[in-house]
Amino acid sequence: MKVNTLRVESRQGSGKSLARKLRASGKLPGVAYGEKNDPMSLSVAAYDFYQLISKASSQNILVDLDFDNGEKVKKALVREVQVDPVTNDVLNVDFLIISLDRPLNMQVSINLVGVPDGVKNQGGILQPIRREIEISVLPNKVPDKIDLDVTEMQIGDTLHVGDLETEEFDLITDPELSICTVVAPTVVKEKTEEEGEEGEEGLEGVEGEEEEQKEPEVIGEKKDEEE
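Residues numbered from 1 in each chain as written. Predicted model: local features only at pLDDT ≥ 70, side-chain atom pairs only at ≥ 80, totals over all residues. Heavy atoms only, no water.

Points about the pairing of strand β9 (residues 132–137)
- Where strand β7 (residues 104–113) and β9 come together, six bridges link them in antiparallel fashion. Each residue of the ladder has a partner; that of Val108, found in β9, is Ile133.
- Of the strand pairs in this sheet, β9 and strand β12 (residues 170–171) are connected by two bridges, and their pairing is antiparallel. Counterpart to Ile135 in the pairing with β12 is Leu171. (Pairing = 2+ DSSP bridges. Helix = DSSP H or I, 4+ residues; strand = E, 2+ residues; numbered from the N terminus.)

Okay, structure coming up:
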C-alpha cells in the first residue's frame, strides 16, 4: 500500500464560521485522532487533498501527516471525508492515527479476474454477490484490492469468502458467505402470431360446436303440456 506525505497545519478553534473561512482561503478543516493521541485540529490545502484522493488506487488511503509546527510525522488513514451533497465539494476530513505494528479492521474491494468457462463456453451468466469484505491486516499490508480467479467456474458453481488467498491478512467476514456464482441463462418462450391466431380459431370452433349442440327451446310444446 502506497504511503503519501500530506503537509498539514495545526489550528486553534473550531466552529462553522472558522471552517467557512478556511474553505474560502483554499484550505480544508480536519481533525486527527487515535493511538492514545488527543484529537488534533488541523487544516490541509484543498488542492493537495484533491490530488491525493484523485490518485488513490483504493478506498483506503495511508498518509504521513507532516505538521508545520515541527511535531513528529504521524502515520494515518483517511478515515472520513464529508462532502457537500449539492456541490460535491469536500467540507471536512478526518484522519485516524495508526501504529504500523497493530492490525486494523478494513473494508477491501474484491476484483473478479478472468471469464468463467461456464460463461465463455456454456452461455452462463456471472453474478457478483459481494463486492467487498472486511479483513484484519497491518496498515502497511492493506491491499488495494483482493483478486479472485473465476476462470474455472462452471454453471452452478459458487465461490465463497473462504476461497480467497489470505496469506497477509485474516478474514473478519464469514468465510461461508458467497462472493459470486455462475447461473444458467434465462430462456423466455415468446408466443408467435401464428400460435395466437390458431388459438383464437380453436376457441371459435369450440364455441360453434357448443351452439350447434344446444337444443332450441320449443315454446309450443310446453304450452300443450300445461294445457
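Things to note about the layout of surface pockets
- Its volume calculated, the largest pocket comes out at about 290 Å³.
- Taken together, 16 residues form the lining of the largest pocket, with Lys2, Asn4, Leu52, Lys55 and Ala56 sitting closest to its centre.
- Elements represented by at least two residues in the lining of the largest pocket include exactly β1 (3–10) and α2 (46–55).
- No other element matches α2, which puts four residues into the lining of the largest pocket.
- In the lining of the largest pocket, the residues fall into six nonpolar, six polar and four charged.
- Quantified by volume, the second largest pocket comes out at close to 230 Å³.
- As for the second largest pocket, its lining consists of 13 residues, and the residues nearest its centre are Gly15, Lys16, Ala19, Pro29 and Asn92.
- Broken down by secondary-structure element, the contributors of at least two residues to the lining of the second largest pocket are α1 (16–24) and β6 (90–97).
- Ranked by the residues each element gives to the lining of the second largest pocket, the list is headed by α1, at five residues.
- Looking at side-chain class alone, the lining of the second largest pocket contains four nonpolar, five polar and four charged residues. (1 Å grid on protein atoms, 1.4 Å probe; cavity = no way out; pocket = protein on both sides within 12 Å on 5 of 7 lines; lining within 4 Å. Points joined across faces, edges and corners; volume = space filled by probe spheres on them. Nonpolar A, V, L, I, M, F, W, Y, C, P; charged D, E, K, R; others polar.)

Regarding the sheet that holds strand β10 (residues 146–149)
- If you trace the four strands from one edge of the open sheet to the other, you get β10-β7-β9-β12, paired in mixed fashion. The open sheet terminates on both sides in strands that have one partner only, identified here as β10 and β12.
- With four bridges connecting them, β7 and β10 associate as parallel partners. When the bridges of β10 are listed, Asn111 appears paired with Asp147.

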